[in-house]
Each structure stands twice: as structure tokens, then as C-alpha cells.
Amino acid sequence: MRHVSRWGMVCCLTLEWLALGVWVGGGLVLIGAVIPAVFNTFGGQDSGGLFVTRAFEGYHRFMIGGLTLLWIALWYRWWSGDSMVAVGQSEMLVLAGITAITGMILLWLHPSAA
């Protein structure tokens, strides 16, 4: 077990929860509130679609930043070797799933929507 700062681990875990909240919460807000409001307000698929495309372009930056923070925090916790914050298999599967979803959105869905 390596000696890591207690405050370093607290910051790591805080950033990890913040990144996960941005990733999940941002997606829920976009899907549940922004998209229906835009299409109901602008009245058409053409103008509403252009606005939603721009909103998703901004959200992509949050997705990539959140994933980067999650992977760095996971690596730091694994590197520390502390059994209290050990990285579990289920956590790795969730992060791999989030990465796959983000990759699918960025590389496959977004270019075909433009």
C-alpha cells in the first residue's frame, strides 16, 4: 500500500462523484427537459433539431471531461492500494459501460445526426 494523502483521496472521491453527477444528471436534463421543451417551443424539427444539436455539442465536452475525471480517479484509487477505496469489478463494468455509451454517442450517433 502506498502512502497517499487523506485530503488527496477526499478530493479524488469528491471529483469522482461530481463527474458522475455531471454525466448522469446532464443526460437526464437534456433528454427529459431540454429536448421536449425545444421541440415544443420552436415548433418544428428543423429549427428545434439545429438547437438540440448545438446543445449536445456542448454536452459532449462535459461527457469527455467527466469520463476523464472518472478514469483518473479510478486509477488513483487503484494506485493507492488502500482497501477502503478499492476498485471493484462492478465499478469497472459501470465505467466501461459509460465509456461505451459516450463513444457510441460521439462517434456513431452524432455524426449521423448532422
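Higher on the page you've got the structure.
For every chain, the first residue of the written sequence is number 1, and numbering continues from 1 along that sequence. For a predicted model such as this one, the threshold for reporting local features is a pLDDT of at least 70, and the threshold for listing and counting side-chain atom pairs is 80 or more; totals across whole chains, interfaces and linings nevertheless cover every residue. The basis for the side-chain values is all heavy atoms of the structure; hydrogens and waters are excluded.

## Side note on the overall build of the chain
Right, so step 1: Secondary structure elements follow DSSP: runs of H or I no shorter than four residues count as helices, runs of E no shorter than two count as strands, and numbering proceeds from the N terminus. Within the chain, the secondary structure is distributed over three helices and zero strands.
Right, so step 2: Overall, the chain shows an N-to-C arrangement of helices and strands of α-α-α.
Right, so step 3: Atoms counted for the radius of gyration: C-alpha only. Globule rule: 2.2 Å times the number of residues to the power 0.38. Taken over the C-alpha trace, the chain has a radius of gyration of 18 Å; the compact-globule value for 114 residues is 13 Å, which it surpasses by more than 25%.
Right, so step 4: Across its three principal axes, the chain shows a C-alpha extent of roughly 60 × 25 × 20 Å.

## Overview of the environment of threonine 41
Right, so step 1: Tracing the sequence through the fold places threonine 41 in helix H1 (residues 6-42).
Right, so step 2: Under the relative-accessibility criterion, threonine 41 is labelled exposed at 63%.
Right, so step 3: With 35 residues separating them in the primary sequence, threonine 41 and tyrosine 76 have C-alpha atoms 45 Å apart. In this scheme, a residue with accessible area under 20% of its type's maximum is buried, one over 50% is exposed, and one in between is partly exposed, where area comes from a 1.4 Å probe on protein chains only.

## Quick notes on the pattern of salt bridges
Right, so step 1: One side-chain nitrogen of Lys or Arg within 4 Å of one carboxyl oxygen of Asp or Glu is enough to make a salt bridge. Under the definition given, this model contains two salt bridges.
Right, so step 2: A salt bridge links glutamate 91 to arginine 77, with the nearest nitrogen and oxygen atoms 2.6 Å apart. Linking glutamate 91 in helix H3 (residues 89-113) with arginine 77 in helix H2 (residues 45-80), this pair joins segments that are 14 residues apart in sequence.
Right, so step 3: You can call glutamate 91 partly exposed: its relative accessible area is 23%.

## Details of the environment of threonine 102
Right, so step 1: Here threonine 102 lies in helix H3.
Right, so step 2: We classify threonine 102 as buried; its relative accessible area is 3%.
Right, so step 3: Residues within four places of threonine 102 in sequence aside, it is in contact with Trp23, Met63 and Leu67.
Right, so step 4: There is a polar contact of 3.1 Å between the side chain of threonine 102 and the side chain of tryptophan 23. Residues are treated as being in contact if the distance between any of their heavy atoms lies within 4.5 Å. For this analysis, a polar contact is any N or O atom pair within 3.5 Å, provided that within protein one partner can donate a hydrogen and the other can accept it, and provided that sequence-adjacent residues contribute only side-chain to side-chain pairs.

## Regarding the state of the cysteines
Right, so step 1: Cysteine sulfur atoms are paired as a disulfide whenever they come within 2.5 Å of each other. Under the criterion given, the structure shown has zero disulfides.
Right, so step 2: For cysteine 11, which is in no disulfide, the shortest distance to another cysteine sulfur is to cysteine 12 and amounts to 8.8 Å.

## A closer look at the nonpolar core
Right, so step 1: Here, nonpolar core means buried Ala, Val, Leu, Ile, Met, Phe, Trp, Tyr and Cys residues that are tied together by side-chain atoms lying within 4.5 Å of each other. With ten residues, the main nonpolar core is built from Ala19, Trp23, Leu30, Tyr59, Met63, Leu67, Leu70, Leu74, Leu95 and Ile98.
Right, so step 2: Of all elements in the fold, only H1, H2 and H3 reach the threshold of two or more residues within this core.
Right, so step 3: For leucine 74, the residues in contact, after removing those within four places along its chain, are Val87, Glu91, Met92 and Leu95.
Right, so step 4: Counting five residues, the second-largest nonpolar core is a separate cluster that includes Met9, Cys12, Ala73 and Val85.

## Remarks on H2
Right, so step 1: Between the first and last residue of a helix there are one fewer steps than residues, each counted as 1.5 Å, and that sum is the expected span. With 36 residues, H2 should reach 52 Å at 1.5 Å per residue; the first-to-last C-alpha distance of 50 Å fits that figure.
Right, so step 2: Considered for burial, the residues of H2 that qualify are Gly48, Val52, Tyr59, His60, Met63, Gly66, Leu67, Leu70, Ala73, Leu74, Arg77 and Ser80.
Right, so step 3: Downstream of H2 by a residue or two, glycine 81 has a phi angle that is positive, lying close to 75 degrees.

## Description of the packing of H1 against H2
Right, so step 1: Note on geometry: axes are lines fitted to C-alpha atoms, helical ones only across the stretch in contact, with angles between N-to-C directions running from 0 to 180 degrees. Contact pair H1 / H2: the axes reach a minimum separation of 9 Å and the direction vectors enclose 165 degrees. Of the possible angle classes, the one that applies to H1 and H2 is roughly antiparallel. Of the two elements, H1 crosses H2, and the hand of that crossing is left-handed.
Right, so step 2: Three categories are distinguished: nonpolar for Ala, Val, Leu, Ile, Met, Phe, Trp, Tyr, Cys and Pro, charged for Asp, Glu, Lys and Arg, and polar for the others, with Gly belonging to the last. Residues of the contact of H1 with H2, tallied by class, amount to 25 nonpolar, nine polar and two charged. Roughly parallel means an angle under 35 degrees; roughly antiparallel, over 145; roughly perpendicular, 65 to 115; everything else is oblique. By the definition used in this description, the sense in which the near helix is turned from the far one sets the handedness, with an anticlockwise turn below a right angle giving left-handed and a clockwise turn giving right-handed.

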